[in-house]
Amino acid sequence: MLIILAFILLFHVAAAVLLFVATVHNAWWVVSPAGRDVIYADLWYSCNSTCYPVENSHTVKAAYLQTVQATMILATILCCVSFFIFILQLFRLQQGERFVFTAVVELLASVCVMIAASVYTAQNKSFHTPSLQEGSFGSSYILAWVSFPMTLVSGLMYLVLRKRK
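Not measured: the values here are computed from a predicted model. (Residues numbered from 1 in each chain as written. Predicted model: local features only at pLDDT ≥ 70, side-chain atom pairs only at ≥ 80, totals over all residues. Heavy atoms only, no water.)

**Describing the overall build of the protein**
Thought 1: Along the protein, the regular secondary structure elements total four helices and five strands.
Thought 2: When its helices and strands are written in sequence order, the protein yields α-β-β-β-β-α-α-β-α.
Thought 3: The dimensions of the protein, computed from C-alpha atoms along their principal axes, are 65 × 30 × 20 Å.
Thought 4: Long-range contacts, defined as pairs at least 24 residues apart, comprise 70% of the intrachain contacts of the protein with a sequence gap of at least 6.
Thought 5: Once the 9 positive and 6 negative side-chain charges of the protein are each reduced to a mean point, those two points are 20 Å apart. (Helix = DSSP H or I, 4+ residues; strand = E, 2+ residues; numbered from the N terminus. Contact = heavy atoms within 4.5 Å. Lys, Arg positive; Asp, Glu negative; His and termini not counted. Charge placed at Lys NZ, Arg CZ, Asp CG, Glu CD.)

Right under this line is the structure:
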């Protein structure tokens, strides 16, 4: 039982780290113009040798970007909260009970990641400037999609898991 518990904890921590890196790192969109430095665009900044904020990120035209920002932050927070709820429930639940509350919070984190990555996939051209539209998805985008099944599986594990002695 201790090995299973350690695996679940490590899996959850790995999902939280992936979410955090995907949210903070500046490589959601990568543009490689010929003869110039590579430009990395994330949810907040576009960077080559210097960083500058995403243009018009505070306007209605960038509502999709704001949706991605909010849901990724919410997913990261929910994942961390579910970890602390799990630790709390580990000591508070009666023997044989399920970690349902932890599972619900973790599954909500999974849904938030899916929403953020899906919206970014569908609408990334709408909030990038014309000079940045000819690019490709970067490593943070891929990490977001990898963290989706990890949080989903983690939530399902908590749903199935029962507290044992």
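**Remarks on the nonpolar core**
Thought 1: Among the nonpolar cores identified, the biggest contains 29 residues, and L19, W28, L43, V68, M72 and Y120 are the most heavily contacted of them.
Thought 2: At eight residues, helix α3 (residues 100-127) tops the list of elements feeding residues into this core.
Thought 3: The contact partners of M72, leaving out residues within four places of it in the chain, are L19, A22, T23, W28, L43, V113, A116 and A144.
Thought 4: The next biggest cluster of nonpolar side chains, apart from the first, holds eight residues, and it includes I8, F86, L93 and Y158. (Core = buried A, V, L, I, M, F, W, Y, C linked by side-chain atoms within 4.5 Å. Buried < 20%, exposed > 50% of the residue type's maximum accessible area, 1.4 Å probe, protein only.)

**Concerning the packing of aromatic side chains**
Thought 1: Going through the model one piece at a time under the given rule, you end up with 11 aromatic pairs.
Thought 2: Pairing F86 with F99 gives two aromatic rings, centres 5.0 Å apart and planes at 55°, and the pair type is tilted. Placement of F86 in helix α2 (residues 63-92) and of F99 in the loop between α2 and α3 is noted, with a sequence separation of 13 residues between them.
Thought 3: On the accessibility criterion, F86 (0% relative accessible area) is buried.
Thought 4: Overall, F99 belongs to the buried group, its relative accessible area being 1%. (Phe/Tyr/Trp six-rings, centres within 6.5 Å; stacked < 30°, edge-to-face > 60°.)

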